[in-house]
Amino acid sequence: MNYKNLIKIALKALSNNKFRGFLTMLGIIIGVASVIAMLAIGQGSKRSIREQISEMGSNMIMVHPGAGRFGGVRQSASSMQTLKMEDYQTIIHEASYISACSPVVNSSGQVVNGANNAPTSVYGINQDYMEIRKYSVGEGEMFTDQDIRRAAKVCVVGKTVVENLFTNGEDPLGKTIRFGKIPFKIIGVLTPKGYNSMGQDQDDLILAPYTTVQKRILAITYLQGIFASAISEEMSGEAIDELTAILRQNHKIKAGDDDDFNIRSQEELSSMLSSTTDLMTILLACIAGISLLVGGIGIMNIMYVSVTERTREIGLRMSIGAKGRHILWQFLIEAVIISVMGGIIGVVLGIGASAVIKHAAGWPVFVQPYSVILSFAVCTVTGIFFGWYPAQKASNLDPIEAIRYE
């Protein structure tokens, strides 16, 4: 069997009906391009979420008071006061899987500078919080342990706070702002981080010593949370187990009783968001895959038309010695050429569309090699699958009946 001649015959047959061949390819082209673009958008979103979570601290662990895990029934005031400074001190001295730890108390309200004011939140923390949340001081300096011990009225502010309060471009360092009735001296400005994956502005905040926020703003002795950082992302599970054991012992919780605190990790949040993104990507790919199915049906339809139009040609070829398998391969090769050429054009169009979406719409897009290979393989299989039956029908024609066909 001379496959080279069969390919030449198939190409000649397609060149005789160029426009029809292109319309047949169109379904494959759109299907392949759609699959590549949809998978690129889904994968880009997933990578973007992971990068933003990493910027927030991929090995961060958050401890909050109360038994509720993700909200729900309103809890009593006493159940929300279960975290104490003793818990933080015990974690610092006994936890072996924790590399950094910070108490956290916070309050929301208006911050004022002269005639300018804006709503924001002040977070009472220590220096470890900067490492845990991946913040850094761009200008000025961070407050010290001495500032924490004497509950100094100093703070480090985010870029959004600076823009809202110092509208004329003044240097905020050394200036005094007021949160509620409490004056704070700005000693540092944070390096901008922008918005996170949940759409929250990470630069709209004030950081102050936790003792200052506890005593001067909230007038409380308990903690609203404890933020910690596991020694590595892989050790987050061991760190959570260790924190749970320490806090249960500190709070004298008996075996079988529920915790009066809850612990969450960034790994948990990352997994939840990734699974949601994966589901959306699969849904988009399935919708795009329908185009491939439609394209395959188009190939079958055109191959049926081609078999009908060339019935006499088939009869003549078979009468001079061509066997059924030669006819089968001739039409099958035509179907594969249509799908492969459509696949190549679709791959180019899909990658191009992904680039346009990335630069024009600003969406996170990432084309993975496997999506190109998968789409190309699927369109080839589609050509074989949908081209087989018409080719099989052509190979089974009776030569005499085919020659007499009008």
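Residues numbered from 1 in each chain as written. Predicted model: local features only at pLDDT ≥ 70, side-chain atom pairs only at ≥ 80, totals over all residues. Heavy atoms only, no water.

## Concerning the overall build of the chain
Helix and strand counts for the chain come out as 13 helices and ten strands. Across the 406 residues in the chain, those meeting the buried criterion constitute 46%. Sequence separation of 24 or more characterises 78% of the internal contacts of the chain that already satisfy a separation of 6 or more. Surface exposure of the chain reaches about 20500 Å², of which carbon and sulfur atoms provide 59%. (Helix = DSSP H or I, 4+ residues; strand = E, 2+ residues; numbered from the N terminus. Buried < 20%, exposed > 50% of the residue type's maximum accessible area, 1.4 Å probe, protein only. Contact = heavy atoms within 4.5 Å. Areas by Shrake-Rupley, 256 points an atom, 1.4 Å probe, with all protein chains shown as cover.)

## Comments concerning helix H7 (residues 210–218)
Buried within H7 we find Tyr210, Thr211, Thr212, Val213 and Gln214. Among the structural elements, helix H3 (85–94), strand E2 (98–113), strand E3 (116–125), helix H5 (145–149), strand E7 (182–190) and strand E8 (206–209) are those in contact with the buried residues of H7.

## A look at a nonpolar patch on the surface
A cluster of nonpolar side chains, Phe19, Phe22, Leu23, Leu26 and Ile30, forms an exposed patch at the surface whose accessible area comes to about 480 Å². With respect to the secondary-structure elements, Phe22 resides in helix H2 (residues 18–57). (Patch = residues over 30% accessible without salt bridge, like charges linked within 9 Å, V, L, I, M, F, W, Y side chains within 5 Å. Salt bridge = Lys/Arg side-chain N within 4 Å of Asp/Glu carboxyl O.)

## Concerning the confidence of the model for the chain
Predicted confidence across the chain gives a mean pLDDT of 83, with 89% of residues reaching 70 or more. Counting interchain partners and residues more than four positions distant, the pLDDT-below-50 stretch residues 70–74 has two contacts. (pLDDT = per-residue confidence, 0-100.)

## Quick notes on the pattern of salt bridges
Applying the stated rule across the entire model yields three salt bridges. With a shortest N-O distance of 3.3 Å, Asp147 and Arg150 are connected by a salt bridge. For Asp147, a relative accessible area of 10% puts it in the buried group. Among the residues examined, Arg150 registers a relative accessible area of 51% and is labelled exposed. Residue Arg248 is joined to Asp259 by a salt bridge in which the shortest nitrogen-to-oxygen separation is 2.3 Å. Of this pair, Arg248 sits in helix H8 (residues 236–250) while Asp259 sits in the loop between H8 and strand E10 (261–265), and the two are eleven residues apart along the sequence.

## Considering the UniProt feature "transmembrane region" (unreviewed entry) in the chain
Per the UniProt record, the feature "transmembrane region" (unreviewed entry) sits at residues 21–42, 279–307, 328–357 and 369–389. Structurally, residues 328–357 is divided into 100% helix and 0% strand, and its ends, taken at the C-alpha atoms, are 42 Å apart. Taken end to end, residues 369–389 is 100% helix and 0% strand, and its first and last C-alpha atoms sit 32 Å apart. (UniProt positions renumbered as here; feature names shortened; annotations may be inferred.)

## Observations concerning the environment of Thr380
Secondary-structure assignment places Thr380 in helix H12 (residues 369–395). Through-space distance from the C-alpha of Thr380 to that of Ile28 is 9.7 Å; in sequence the pair is 352 residues apart. Not counting residues up to four positions away in its chain, the partners in contact with Thr380 are Ser339 and Val340.

## A word on the side chain of Ser354
Assignment of secondary structure puts Ser354 in helix H11 (residues 324–361). Residue classification places Ser354 among the buried residues on the basis of a relative accessible area of 3%. Looking at Ser354, its side chain comes within polar contact range of the main-chain oxygen of Gly350, at 2.9 Å. Among residues more than four places away in sequence, those in contact with Ser354 are Ile36, Ala37, Ala40, Val365 and Val367. (Polar contact = N/O pair within 3.5 Å; in protein donor to acceptor, adjacent residues only side chain to side chain.)

## Some words on the nonpolar core
In terms of nonpolar packing, the biggest core is built from 62 residues, with Val157, Ile177 and Ile206 touching the most fellow members. Not counting the four nearest positions on each side in its chain, Ile206 is found in contact with Val111, Thr120, Ser121, Val122, Tyr123, Cys155, Val156, Val157, Val161, Ile177 and Phe179. Core analysis: the next-biggest nonpolar cluster, separate from the first, contains 29 residues, Ala10, Val35, Leu39 and Ala391 among them. (Core = buried A, V, L, I, M, F, W, Y, C linked by side-chain atoms within 4.5 Å.)

## What to know about the pairing of E3
As paired strands, E2 and E3 are joined by nine bridges and run antiparallel to one another. Residue pairing in the sheet places Ser107 in a bridge with Val122 of E3. Once E2 ends, the chain turns through two residues before running back antiparallel as E3, passing Gly114 with a positive phi of about 60°. Pairing of E3 with E8 involves four bridges; the strand directions are parallel. The residue of E8 that forms the bridge with Tyr123 is Leu207. (Pairing = 2+ DSSP bridges.)

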